[in-house]
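# A structural walkthrough
Here is how the chains run, residue by residue.
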Amino acid sequence: MARRYDPERRQRIIDAALRVVARKGLAGLSHRSVAAEADVPLGSTTYHFAGLDELMVAALRQSTEGFGRLLAARGGLTDARTDLAGELAALLGTWLAGERSGVELEYELYLAALRRPALRPVAAEWVGSLVELLARRTDEVTARALVALMDGICLQVLLTDAVYDERYAREILARVIPGGPPAP
């Protein structure tokens, strides 16, 4: 029997892994659960991804692309005429107003790097690309502080089921940016 040519299979496996993690968390991720979700033979998952870490790297890389597309769509981050704090606060508002499970999934994969060293380079790339983008408007130290603050805001909203407060986010982001409002 000839093998069927299936150029989209690898991508379907990654998409299936993201759905499994979204539904069951990382604890529910296995080659078997992904194969069932993707409707492919179990051997296909191990053919394309030698281990779960390799599959999670691909899934994390793909999940961070969503935030990257959102960044690219908001040209104000690189426009020196826009209010950087306001633009970042609006960006977070747009991201958190979307499908919450998607944001949770991205953070679950991102934070998995704490226990899975194979994911750390991808997490570092994501942080580094955001720092690089923000450093065009400010210095690198401030850019790193803004990324850390944005992560903190997002995690607090996700972990407490709080409603995102864009005005508050804009105010505290502005305090980190040189020339922002003075602390009370």
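Notes on the structure follow. Position numbers for residues start from 1 in each chain and track the written sequence from start to end. For this predicted model, a pLDDT threshold of at least 70 governs which residues receive local features, and a threshold of 80 or more governs which side-chain atom pairs are given and counted, while totals over whole chains, interfaces and linings are taken from all residues. Excluding hydrogens and water, the side-chain values take into account all heavy atoms of the structure.

## What about the pattern of salt bridges?
Basic side-chain nitrogens of Lys or Arg form a salt bridge, by our definition, when they fall within 4 Å of a carboxyl oxygen of Asp or Glu. Applying the stated criterion to the full structure yields nine salt bridges. Between Glu132 and Arg136 there is a salt bridge, with the nearest N and O atoms lying 3.9 Å from each other. For the residue pair Glu132 and Arg136, the accessibility class agrees, reading exposed in each case. Three or more residues are tied together by salt bridges with common partners; here these are Arg19, Arg23 and Glu37. Three exposure classes are used, based on accessible area relative to the maximum for each residue type with a 1.4 Å probe and protein chains only: buried under 20%, partly exposed in between, and exposed over 50%.

## Some words on unusual backbone geometry
Backbone geometry places Asp39, a non-glycine residue, at a positive phi of 55 degrees. Helix and strand definitions follow DSSP, with helices as H or I runs of at least four residues and strands as E runs of at least two, each counted in order from the N terminus. Relative to the assigned elements, Asp39 resides in the loop between helix H2 (31-38) and helix H3 (42-48). In this structure, Asp161 takes a positive phi of about 55 degrees despite not being glycine. Here Asp161 lies in the loop between helix H8 (140-160) and helix H9 (166-176). With relative accessibility at 61%, the residue Asp161 sits in the exposed group.

## As for the environment of Val127
One can find Val127 in helix H7 (residues 120-135). When the C-alpha atoms of Val127 and Ala148 are compared, they prove to be 9.0 Å apart, with 21 residues separating the residues in sequence. The residues touching Val127, leaving out its near neighbours within four places in the chain, are Tyr110 and Val147. Contact definition: two residues touch when any of their heavy atoms are within 4.5 Å.

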